[in-house]
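A closer look at the structure
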Amino acid sequence: MNTNIDLSHLAQSIGDAIIVSDANEKIVLWNAAATRIFGYSEAEALGNTVDLIVPERQRHRHNEGYSKSMLTGTTRYGASVLKVPARHKDGSTLSIAFTVGMLFDENHHANGVVAVIRDETERFAEERTLKKRLADLENPQSSKIEP
């Protein structure tokens, strides 16, 4: 059975953000879900660096890791799901979970990264609320207000 898949349509129709950046961290693919999650249109994102969505306090570490991955052709994260803060266009902080994959040219030199990203902000907030409730139940004295 020969099934032709339109990869562009696939990237645009999936519910998770797909962001591809080149060796210099310039965004070269930004799907509709990335726009929904981060607030930037495709036109605003393309050609910019991934710093667009990386909170300022994480940028140095992110940039060092990205450069190292481009030099070595490897990522220390592999198939691990990463959970980190991200930045929305409006300046608000998001909680995201994502996986990354290295991209290579025909000579097997690293030439980019693909990230598949899910917005977990609401779920993480619910988790924090449940953990606080559990802690309050386990230690009822901590939730009492002293006179």
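Our subject is the structure that appears above.
This section reports on the structure supplied with the text. (Residues numbered from 1 in each chain as written. Predicted model: local features only at pLDDT ≥ 70, side-chain atom pairs only at ≥ 80, totals over all residues. Heavy atoms only, no water.)

For the rest of this paragraph, the subject is the environment of R133. Along the chain, R133 falls in helix α5 (residues 121-138). Given the relative accessible area of 54%, R133 is considered exposed. Each C-alpha atom, one on R133 and one on K89, is 32 Å from the other, the two residues being 44 residues apart in sequence. (Helix = DSSP H or I, 4+ residues; strand = E, 2+ residues; numbered from the N terminus. Buried < 20%, exposed > 50% of the residue type's maximum accessible area, 1.4 Å probe, protein only.)

A few words now on helix α4 (residues 56-72). Here α4 contains 17 residues, and its C-alpha end-to-end distance of 25 Å stays within 8% of the 24 Å for a straight helix at 1.5 Å per residue. Here α4 has its buried residues at Y66, S69 and M70. Buried residues belonging to α4 abut β1 (17-22), β4 (93-104) and β5 (110-119). Immediately beyond the C-terminal end of α4, within one or two residues, lies G73, with a positive phi of roughly 75°. (Expected span 1.5 Å × (residues − 1). Contact = heavy atoms within 4.5 Å.)

Moving on, we get to the packing of aromatic side chains. This model, assessed by the stated rule, comprises one aromatic pair. Relative to F38, the ring of W30 has its centre 5.9 Å away and its plane inclined at 45°; by these criteria the two rings are tilted. You can call F38 buried: its relative accessible area is 0%. (Phe/Tyr/Trp six-rings, centres within 6.5 Å; stacked < 30°, edge-to-face > 60°.)

Strand order across the open sheet formed by five strands is β2-β1-β5-β4-β3, with antiparallel pairing between neighbours. Each edge of the open sheet carries a strand with a single partner, namely β2 (27-30) and β3 (82-87). Going from strand to strand, the sheet's axes swing by 35° on average, the running direction of each strand aside. Sheet topology places β3 next to β4; six bridges connect them, and they run antiparallel. Counted as the bridge partner of V84 is I96 from β4. Helix-sheet contacts for α4 involve β1, β3, β4 and β5, and the interaxial angle to β5 is about 135°. Those strands touched by α5 are β3, β4 and β5, and its axis lies near 130° from that of β4. (Pairing = 2+ DSSP bridges. Axes fitted to C-alpha atoms, helices over the stretch in contact; angles between N-to-C directions.)

Two elements, β1 and β5, share six bridges in a ladder whose sense is antiparallel. The partner of A17 across the bridge, within β5, is I117. Bridge analysis of β4 against β5 gives nine bridges, and the strand direction is antiparallel. Pairing of F104 across the sheet is with A110, part of β5. Connecting β4 to the next strand, β5, in antiparallel fashion are five residues, including H108 with a positive phi near 60°.

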